[in-house]
Structures are given as structure tokens and as C-alpha cells.
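Residue strings, one per chain:
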Amino acid sequence: MKVFIKNIKDYVGQEVTLEGWLYNKRSSGKIKFLIVRDGTGFIQCVVSKKDISEQEWDIIDKLHQESSIRVVGKVSFFEKAPYCKHELTVSKFELVSNSQEDYPISHKEHGIDFLLENRHLWLRTPKQNAIMKIRHRIIKSCRDFFDNKGFVLVDAPIFTPNACEGTTELFEVKYFDDSAYLTQSGQLYMEAAAFALGNVYCFGPTFRSEKSKTRRHLTEFWMIEPEMTYIDLEDNLKIQEEMVSYVVQEVLKSCQDELKILERDTTKLENIKAPFPRLSYTDAVELLKSEGSNIEWGSDLGAPDETIIASKYDKPVFIHRFPTICKAFYMKPDPENPDVVLGADLLAPEGYGEIIGGGQRIDDYDLLLQRIKDHNLPEDAFKWYLELRKYGSVPHGGFGMGIERCTAWICGVEHVRETIPFPRTIYRIYP
Ligand code: 4AD
Ligand code: MG
């Protein structure tokens, strides 16, 4: 019977067929230990010379790392077995395709540039497997969260005629005889969709030509962006903390093996339950000053500032009411103090920085037009966006969570480049 390694525990005592690749091999006289992977897991397969034909034994002898193979054998439970507490005693072996001798990723340590250059192969290793599976679970939980609440998934376009998050970070592309930009966020389209459908969300790739080489920046990343009508900032924050708690708890429930492979300290995640603390930007600046920072009111928080603030809490923390001058044109000023906006960033614990940005949108036509002009944005490209404020405007808001930053935090992985299958950064667009 053909089985997947992840289900192997259900077949103890039975003979099964595994189809996969040779991850590693060692020999000890008349016994060979093969570590076989099939995408769902890794398992040790024990081959005794006496159990198989001479021909099979010779093939195994010459087998190179990452050869694709089919093995038949009996499953046994073995507490000390590497990878999955089970072993396969092989009775039949078949080579599907021999890998060449020069497989680049050996079991030695490799430098990060080399690994990134070989990302198409690096993905086969246990840690990278684990990160991709947790990423999948995070995306699925976000979608389940909104689907269960009745949000409608609406896909936003990738080609756009205008900026959303600042004109300095736009990728311009040829669009027939004209030019277009790759989307920086689906938000503006979600606002139109929300006025049509109520609560909506989009999930897709977004692009920023950010020249930053930090561990938090990619030029292409994935974002989940809900947009909600008839809500205020506090409603918005409640949904965010509920979503983040749900996602973390779902990962804890279904990805224990993966978290173990990553050696993640899960006690830090168990505590991630709503409500999350809220700190105004103004109070955050006071706190930073008292910690010796020379930040001045009116400047955006840098990564070190975020780390200092986050270190005060064992949960994610909302920083709300940023200075209007730090934030995007569409953010609604606080009626009680128009120098700040009704927006918030959510900072992850343990120094992972901002994982969510969001807030209330300007719902007044004249004010929005003024802000578009203040930001020197092309008015005609925003005609449709302005019209939303002409025809039945309502208080509304939403947020965007970067999947890679969230994955980096939950996995405890230092750099976002390992949390997306094929990272694009200022220096890398290969493979
Ligand atoms: O704070 P940002 O720029 O907000 C928006 O794009 C809003 N339009 C979202 C909305 O309200 N619908 O980006 C949101 C999140 C950040 O908190 C971060 O997690 C992620 O997107 N992000 C990046 N992730 C990786 N690389 C980058 N260069 C990123 N820029 C933003
Ligand atoms: Mg932001």
C-alpha cells in the first residue's frame, strides 16, 4: 500500500510503499540506513543485505543524495529513530531516477548566499519544509478566520494606475504604450468592494521597490487585507487581535512537529491571546525617551524603537494614533486631535517588528481630495477612489498583515527571506 510518511504511525506492523527521495545515507557493514523524504516527512529506512537482491544492494551502494526512489518495507515503532519515531525495514528497493553526484547542498553548513542561490533545492531540507508548512497553516487560518465571519474574498488587481503606500516605492512596468505600477496594497480596491459587499478581504502578492536590506523587507510579499464598513478604530483593533490569536493558536494546534524542527520556544506563543495592549504613539515616544532614545515626536518609529517597545510586553502591542505626517494619505485624522491619525501598527513580540498596519480611512470627499493634493498624487488616477466618498460614504477601515513577517515571528526565524518560497529582494531575483 502506498502511504505518506506523515501517516506512517497508522501502519505499524504493516508492509507499505514509500515514494520519495534519498535525503541521506550511511552504511555499517551489511546494513545501510537511508533517510527518505517524501515532502510530508522524513523517515529512516533500514536495509539489510540479506533482505534484498544483490542487484538492489549495488544500486543502493551507488545511490547519490536526492535520487528519487521507491521503497517497500515493514513499519515499526522505534522511539529513538531519527525524524519520526518510526522506521522502515526495507524488503524491496527501486530506483526511479539517479541524482547526479554533484548535488550542491550537502549535510555540511552552507553560507546564506549559497543557499539562496540554490533556493529551488534548499526548500527540500527539514527546516525549510517546516517553515513552508507553517506559512501554509498561517494563510489557511487567516482565510478560515475571515470566511467563518462571512467576509467575502475579493481579488485586487496587480496592475494599478496609482500609488497606495508612497510614490517612492513603486515598481513601474511597461503597459503597452503606457506605464502602470505593480500594486503596493489591495486596500483601495477593497474599499470599493466593501461598499459593494460589506466585509471583504483580499489576499495576494504586493510589491515595493524598497531599497532596504533589512531582515524585514522583501520587494515582493504577500498580504491579507480585510476591509470593513461601519466600524471604528477600536472595532478594527479587536478583529486584529482576535485574528492574530486565532492564527497563533491554530499553528500551535497543528504544527507542533514543525515548531520542534525549528526549535521554536512555544511557551512564548502559548501566551498570544487577545486582548493585546494598546499604547498611543505619543506615550510610546515618552517611553522611548525614558529609555535613552533620541526620537522626536513626529518621526516614524525605527526598527530599534519597535524592539524597545515590544520588549516591554509578552504579547503583540498596538501603537495607535501616529502623527498624520508619518502616515499614508488616506488615514483619517483623529477628530479630537487632527495632528494624529486613527490608525495603528501591531508590533510582534521578540523584536520581529510591525506585522500589521491599518486604521480608519478618510470618508469625507473634500478632506480626501485635499490630502491627495498635499501628497502630490495625480488626482485623475484617484477619481474612482474619490467617488466612493461621493456616493454613500460610510465610516470604514481595515488593515494589512504581511504573511512573511508574521511567519518569521511565529517560526522564530531571523529573516523574512526564509519565509517565502522564492524571495525577491533588492539584490535577488534568482531563482
Ligand atoms: O503598513 P503597510 O504599508 O500597510 C498597507 O499596505 C495598508 N494599505 C494595509 C491596509 O490597511 N489594508 O503594510 C502592511 C504590512 C506591514 O505591517 C508588514 O507586515 C507588511 O505589510 N510589509 C512588508 N513585508 C515584507 N516586506 C516589505 N517590504 C513590507 N512592507 C510591508
Ligand atoms: Mg506600515
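In what follows, the structure referred to is the one given above.
Residues numbered from 1 in each chain as written. Chains lettered and ligands numbered in written order. Predicted model: local features only at pLDDT ≥ 70, side-chain atom pairs only at ≥ 80, totals over all residues. Heavy atoms only, no water.

> I'd like a rundown of the overall build of the protein, residues and numbers included.
For the protein, the count of helices and strands is 13 helices and 18 strands. Seen through its principal axes, the protein has C-alpha atoms that stretch 85 × 55 × 40 Å. The proportion of buried residues among the 431 residues of the protein is 52%. On the protein, roughly 20,400 Å² of surface is accessible, and the fraction owed to carbon and sulfur atoms is 51%. Between the averaged position of the 55 positive side-chain charges in the protein and that of its 66 negative side-chain charges there is a distance of 7 Å. (Helix = DSSP H or I, 4+ residues; strand = E, 2+ residues; numbered from the N terminus. Buried < 20%, exposed > 50% of the residue type's maximum accessible area, 1.4 Å probe, protein only. Areas by Shrake-Rupley, 256 points an atom, 1.4 Å probe, with all protein chains shown as cover. Lys, Arg positive; Asp, Glu negative; His and termini not counted. Charge placed at Lys NZ, Arg CZ, Asp CG, Glu CD.)

> Describe the environment of Ser-53, listing the residues and the values that go with them.
Checked against the element boundaries, Ser-53 lands in the loop between strand E3 (42-48) and helix H1 (54-61). Counting along the chain gives 40 residues from Ser-53 to Phe-93, while the straight-line C-alpha distance between them is 9.1 Å.

> Residue-level account of the sheet that holds strand E12 (residues 278-280), with values.
Spatially, 8 strands are ordered E6-E10-E11-E18-E17-E16-E13-E12 in an open sheet, and the strand pairing comes out mixed. The strands lining the two open edges of the sheet, one partner per strand, are strand E6 (152-153) and E12. As paired strands, strand E16 (residues 343-348) and strand E17 (residues 353-360) are joined by 6 bridges and run antiparallel to one another. Counterpart to Leu-347 in the pairing with E17 is Glu-354. Relative to the sheet, helix H9 (residues 281-290) contacts E12 and strand E13 (317-320), its axis offset from that of E12 by approximately 85°. (Pairing = 2+ DSSP bridges. Contact = heavy atoms within 4.5 Å. Axes fitted to C-alpha atoms, helices over the stretch in contact; angles between N-to-C directions.)

> Tell me about the pairing of strand E15 (residues 337-341), residues and numbers included.
Across 2 bridges, the pairing between strand E14 (residues 333-334) and E15 is antiparallel. Bridge assignment links Asp-334 to a residue of E15, and that residue is Asn-337. Here E14 hands over to E15 after 2 residues, the two strands then running antiparallel side by side.

> Describe in detail the site of ligand 1, supporting the description with residues and values.
Glu-165, Gln-187, Glu-210, Glu-225 and Glu-354 are the nearest of the 23 residues found near ligand 1. Contact distances for ligand 1 include 2.8 Å between an oxygen atom and a side-chain N or O atom of Arg-208. Tyr-330 places a polar side-chain atom, nitrogen or oxygen, 3.3 Å from a nitrogen atom of ligand 1. Relative to its unbound accessible area of 630 Å², ligand 1 is 94% covered by the protein chains. Because more than half of its atoms lie within 2 Å of the grid, ligand 1 is assigned to the largest pocket. Only strand E11 (220-229), E17 and strand E18 (396-402) provide two or more residues apiece to the shell around ligand 1. (Near = heavy atom within 4 Å. Polar contact = N/O pair within 3.5 Å; in protein donor to acceptor, adjacent residues only side chain to side chain. 1 Å grid on protein atoms, 1.4 Å probe; cavity = no way out; pocket = protein on both sides within 12 Å on 5 of 7 lines; lining within 4 Å. Sits in = over half its atoms within 2 Å of the grid points.)

> Summarise the sheet that holds strand E5 (residues 86-97); cite the residues concerned and give the values.
Strand order in the closed barrel formed by 5 strands is E1-E2-E3-E5-E4, with mixed pairing between adjacent strands. When strand polarity is set aside, the average angle formed by the axes of neighbouring strands in this sheet is 55°. Bridge analysis of E3 against E5 gives 3 bridges, and the strand direction is parallel. Each residue of the ladder has a partner; that of Gln-44, found in E5, is Glu-87.

> A description of the pattern of salt bridges should follow, citing residues and the corresponding values.
According to the stated counting rule, one finds 28 salt bridges in the structure shown. Salt bridges sharing partners connect three or more residues here, namely Lys-2, Glu-19, Arg-70 and Glu-94. (Salt bridge = Lys/Arg side-chain N within 4 Å of Asp/Glu carboxyl O.)

> Pulling in residues and values, what's your account of the nonpolar core?
Of all hydrophobic cores here, the largest spans 53 residues; its most connected members are Met-243, Val-244, Trp-409 and Ile-410. Ranked by size, the runner-up nonpolar core spans 29 residues in total, among them Val-285, Ile-309, Ile-319 and Phe-329. (Core = buried A, V, L, I, M, F, W, Y, C linked by side-chain atoms within 4.5 Å.)

> Requested: an account of helix H13 (residues 403-411), with residues and values cited.
An α-helical segment advances 3.6 residues per turn. Residues three or four places apart therefore align on the same side. Most of H13 sits out of view: 9 of its 9 residues are buried. Of the positions making up H13, those classed as buried are Ile-403, Glu-404, Arg-405, Cys-406, Thr-407, Ala-408, Trp-409, Ile-410 and Cys-411.

> Give me the lowdown on the packing of helix H4 (residues 126-148) against helix H6 (residues 233-254), citing residues and values where you can.
In contact at an axis separation of 9 Å, H4 and H6 are set at 135° when each is read in the N-to-C sense. Considered as vectors, H4 and H6 are oriented oblique to each other. In this structure, the crossing between H4 and H6 has a hand that is right-handed. Note on element contacts: H6 touches H4 through Ile-239, Glu-242, Met-243, Tyr-246, Val-247, Glu-250, Val-251 and Ser-254, opposite Ile-134, Arg-137, Ile-138, Ser-141, Cys-142, Asp-144, Phe-145, Phe-146 and Asn-148. (Parallel < 35°, antiparallel > 145°, perpendicular 65-115°, else oblique. Left-handed = near helix turned anticlockwise from the far one by under 90°.)

> Which residues make up the packing of aromatic side chains, and what values do they have?
Summed over the entire model, instances satisfying the criterion amount to 20 aromatic pairs. Measuring from centroid to centroid gives 4.7 Å for Tyr-189 and Trp-384, while their planes differ by 20°, and the two rings are stacked. Within this pair, whereas Tyr-189 is found in helix H5 (residues 187-197), its partner Trp-384 is found in helix H12 (residues 383-387), the two being separated by 195 residues in sequence. Put simply, the rings of Phe-145, Phe-146, Phe-151, Tyr-201, Tyr-246 and Phe-399 touch in pairs and so form one group of aromatic residues. In this structure, Arg-389 packs its charged tip against the face of Tyr-385, placed 4.2 Å from the ring centre. (Phe/Tyr/Trp six-rings, centres within 6.5 Å; stacked < 30°, edge-to-face > 60°. Lys NZ or Arg CZ within 6 Å of the ring centre and 35° of its normal.)

> So what's going on with the side chain of Glu-404? Which residues, and what values?
By the element assignment, Glu-404 lies in helix H13. Other than its neighbours up to four places away in sequence, Glu-404 contacts Arg-135, Leu-218, Phe-221, Trp-222, Val-416, Thr-419 and Ile-420.

Everything listed here is a matter of coordinates, which is why it stays silent on function.
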